[in-house]
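So you can see what is in the structure, the chains are spelled out below.
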Amino acid sequence: MAPSALERKIQAVLDSRASRSILRRVDQPPPVGRNLVDFSSNDYLSLSTHPTLRSLFLRKLSTADLVLGSGGSRLLDGNTFAHYALETRLKEFFGAPSALLFNSGYDANVAIFTTLPQPGDVIIVDELIHASVWDGCRASRASENLRTFRHNDVKSLEDRINSFLAVREDIRLARSSVFVAVETLYSMDGDFAPLQAIVGIVERLLPLGNGHIVVDEAHATGLYGPQGKGLVAKLGLESRVTFSQNLLTKVIRLAVVLTNPLIRNYLVNYARSLIFTTALCHSNVVSIDCSFDMLQNGEAQKVVWFVDGLTADN
């Protein structure tokens, strides 16, 4: 049978990517245990293979009331005591007013940007922001006011905000909001956002409180700040950032949005990536809990010091 019209078009697109050496593949990975050096993993501290974490996880798993599955969405049977207890622990660990678990950083960013910006609001993102933020922004009710600023360029951000202030009375009078989205550590480039300067610019230009900073700490949490709490905590900016999305893929799978109770309640009611997906299975919840044991008891910090020593020597 001849290929269908859809198959021909798809094949042509894939052939084009292959001709430009940008065709993505998911092939069989190398065998576990081979003496290979991995320069692409985001398991920065190798905690996923750390013997202490493995032992702790297996011990807790053996005594857990629930192990497999979760039973449904967080809004149905998936909101178990284990999920609630972990969320409470995260809130207290990060010193946040409230915390909301998501299944992945992608889900968390899509949730924030598809739900929070209201019609007429403005979204300004670093030009190198993660794809999940882009997807959320493009599906946002404020997508027509989506703009970028040059990567880590505070003057470019200032100019963007001023361009809206010049023509939008509703923004000057704080009747509409401006969302500024950055990552603290950009994984593909390895540089840090000038977070203190960005916060200062937003507060100076939007003094009535309608500037909201959304910080993605996916590649900084676990590595920087007190007990690995991230760069927001290291810089003491917790109360000046509206949302902090902390992702611990380099420890064990976790995404949590740290914000105030009002916004948490709004996300619970409108974030489709939370409402219409099955909650984290209990084994994930146990593994995340074990990871935070290592952050809080100092075991993870020992690995950070070791990695810092390797980079300092080179």
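Residues numbered from 1 in each chain as written. Predicted model: local features only at pLDDT ≥ 70, side-chain atom pairs only at ≥ 80, totals over all residues. Heavy atoms only, no water.

Draft legend 1. Focus on the overall build of the chain. Along the chain, the regular secondary structure elements total 13 helices and 9 strands. What you see for the chain is a C-alpha radius of gyration of 21 Å, in line with the 20 Å of a compact globule of 314 residues. Projecting the C-alpha coordinates of the chain onto the three principal axes gives extents of approximately 60 × 60 × 50 Å. Burial analysis of the chain (314 residues in total) assigns 46% to the buried set. Partitioning the intrachain contacts of the chain with sequence separation of at least 6 by distance along the chain shows that 70% fall at a separation of at least 24. Carbon together with sulfur atoms contributes 55% to the accessible area of the chain, which is approximately 16700 Å² in total. Across the chain, the centroid of the 31 positively charged side chains sits 3 Å from that of the 32 negatively charged ones. (Helix = DSSP H or I, 4+ residues; strand = E, 2+ residues; numbered from the N terminus. Rg over C-alpha atoms; globule rule 2.2 N^0.38 Å. Buried < 20%, exposed > 50% of the residue type's maximum accessible area, 1.4 Å probe, protein only. Contact = heavy atoms within 4.5 Å. Areas by Shrake-Rupley, 256 points an atom, 1.4 Å probe, with all protein chains shown as cover. Lys, Arg positive; Asp, Glu negative; His and termini not counted. Charge placed at Lys NZ, Arg CZ, Asp CG, Glu CD.)

Draft legend 2. Seen up close, unusual backbone geometry. Here Asn152, not a glycine, exhibits a phi torsion of approximately 55°, which is positive. Residue position: Asn152 is located in the loop between strand E3 (146-149) and helix H6 (154-165). What makes Asn152 buried here is its relative accessible area of 19%. Residues other than glycine seldom take positive phi values, yet Gln227 does so here, at roughly 55°.

Draft legend 3. Fine view of the nonpolar core. In terms of nonpolar packing, the biggest core is built from 27 residues, with Leu47, Leu90, Phe94, Leu254, Val256 and Phe292 touching the most fellow members. Take this core: its biggest share by element is 7 residues, from helix H12 (residues 282-297). Counting 25 residues, the second-largest nonpolar core is a separate cluster that includes Ile124, Phe164, Val182 and Leu195. (Core = buried A, V, L, I, M, F, W, Y, C linked by side-chain atoms within 4.5 Å.)

Draft legend 4. Focus on the side chain of Ser177. Along the chain, the position of Ser177 falls in the loop between helix H7 (169-172) and strand E4 (178-183). Those residues in contact with Ser177, other than ones at most four positions away along the chain, are Asp121, Val122, Asn210 and His212.

Draft legend 5. Here's a closer look at the pairing of strand E1 (residues 98-102). Across the 5 residues of E1, 5 count as buried, placing the element largely inside the fold. Judged from the 5 bridges that link them, E1 and strand E9 (residues 255-259) form a sheet pairing that is antiparallel. Residue Leu100 lies in a different strand from E9, and its bridge partner there is Val257. (Pairing = 2+ DSSP bridges.)

Draft legend 6. Examining helix H3 (residues 81-94) more closely. Counted at 1.5 Å a residue, the expected span for H3 with its 14 residues is 20 Å, and the 20 Å between its end C-alpha atoms agrees. Burial in H3 covers these residues: His83, Leu86, Glu87, Arg89, Leu90, Phe93 and Phe94. Looking straight down H3, one finds its buried side chains confined to an arc of 160°; they lie on one side. Pointing more than 90 degrees away from the buried face of H3 are the exposed residues Phe81 and Glu92. Gly95 sits one or two residues past H3 and shows a positive phi near 65°. (Expected span 1.5 Å × (residues − 1). Arc of directions from axis to C-beta.)

Draft legend 7. Main features of H6. Under the 1.5 Å per step criterion, the end-to-end length of H6 is 17 Å for 12 residues, consistent within 8% with the ideal 16 Å. Those residues of H6 that fall on the buried side of the exposure criterion are Ser156, Leu157, Glu158, Ile161, Phe164 and Leu165. Taken together, the buried residues of H6 touch strand E2 (122-126), E3, H7, E4 and helix H8 (195-205). For H6, the side-chain oxygen to backbone nitrogen distance between the N-cap and Lys155 is 3.1 Å, and the N-cap itself is Asp153. (Polar contact = N/O pair within 3.5 Å; in protein donor to acceptor, adjacent residues only side chain to side chain.)

Draft legend 8. Main features of the pattern of salt bridges. Under the definition given, this model contains 12 salt bridges. For Glu87, the salt bridge is made with Arg74, and the minimal N-O distance between the two is 3.0 Å. Note that Glu87 is positioned in helix H3 and Arg74 in the loop between helix H2 (51-63) and H3, a separation of 13 residues in sequence. For the pair shown, Glu87 and Arg74 are each scored as buried. The shortest N-O distance in the salt bridge between Glu87 and Arg264 comes to 2.6 Å. (Salt bridge = Lys/Arg side-chain N within 4 Å of Asp/Glu carboxyl O.)

Draft legend 9. How the structure looks around the side chain of His83. Summarising the element assignment, His83 is placed in helix H3. A relative accessible area of 1% means that His83 is categorised as buried. Of note is the side chain of His83, whose polar atom sits 3.4 Å from the backbone oxygen of Gly78. Within polar-contact distance, the side chain of His83 engages the backbone oxygen of Leu280 at 2.6 Å.

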